[in-house]
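Structural features, examined
Below are the chains, spelled out letter by letter.
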Amino acid sequence: RYSILPALSLDGYIALRVVEGAVNSIEFYDVNDVLLKMNRYPNARSVLIMDNCSIHKSDTLRQAVEAAGKHPALCSLIW
């Protein structure tokens, strides 16, 4: 079983990682491949939008994104 971690922009995929098994917060925290392809806030491609999955709510992740000059945003998905 594999998990696919895509990062999309209006221009298409900017990063993609395939992980064997489930993704935990430590695996997800390795977002440098995404952050390097983003711009500093408030420029285009500077907001990282994630759903409300528990691994996205880490203070460590938020601090890393903000330290890179990006803006994290959590959104609730409506089904």
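Residues numbered from 1 in each chain as written. Predicted model: local features only at pLDDT ≥ 70, side-chain atom pairs only at ≥ 80, totals over all residues. Heavy atoms only, no water.

**What about the confidence of the model for the protein?**
Summarising the model, the protein shows a mean pLDDT of 79, and 84% of its residues fall at 70 or more. Strand β2 (residues 12–20) holds the highest mean pLDDT among the elements of the protein, 87, whereas helix α1 (residues 25–29) holds the lowest, 67. (pLDDT = per-residue confidence, 0-100. Helix = DSSP H or I, 4+ residues; strand = E, 2+ residues; numbered from the N terminus.)

**Overview of the side chain of Lys70**
With respect to the helices and strands, the residue Lys70 is situated in the loop between α3 (59–67) and β4 (71–74). Residue classification places Lys70 among the buried residues on the basis of a relative accessible area of 11%. Side-chain polar atoms of Lys70 contact the backbone oxygen of Ala68, separated by 3.0 Å. Apart from the residues lying within four places of it in its own chain, the contact partners of Lys70 are Leu35, Met38, Asn39, Tyr41, Ser46 and Val65. (Buried < 20%, exposed > 50% of the residue type's maximum accessible area, 1.4 Å probe, protein only. Polar contact = N/O pair within 3.5 Å; in protein donor to acceptor, adjacent residues only side chain to side chain. Contact = heavy atoms within 4.5 Å.)

**A short note on the environment of Leu35**
In this structure, Leu35 sits in helix α2 (residues 32–35). By relative accessible area, Leu35 is classed as buried at 7%. Separated by 33 residues in the primary sequence, Leu35 and Ala68 place their C-alpha atoms 7.2 Å from one another. Apart from the residues within four sequence positions on either side, Leu35 is in contact with Ala64, Val65, Ala68 and Lys70.

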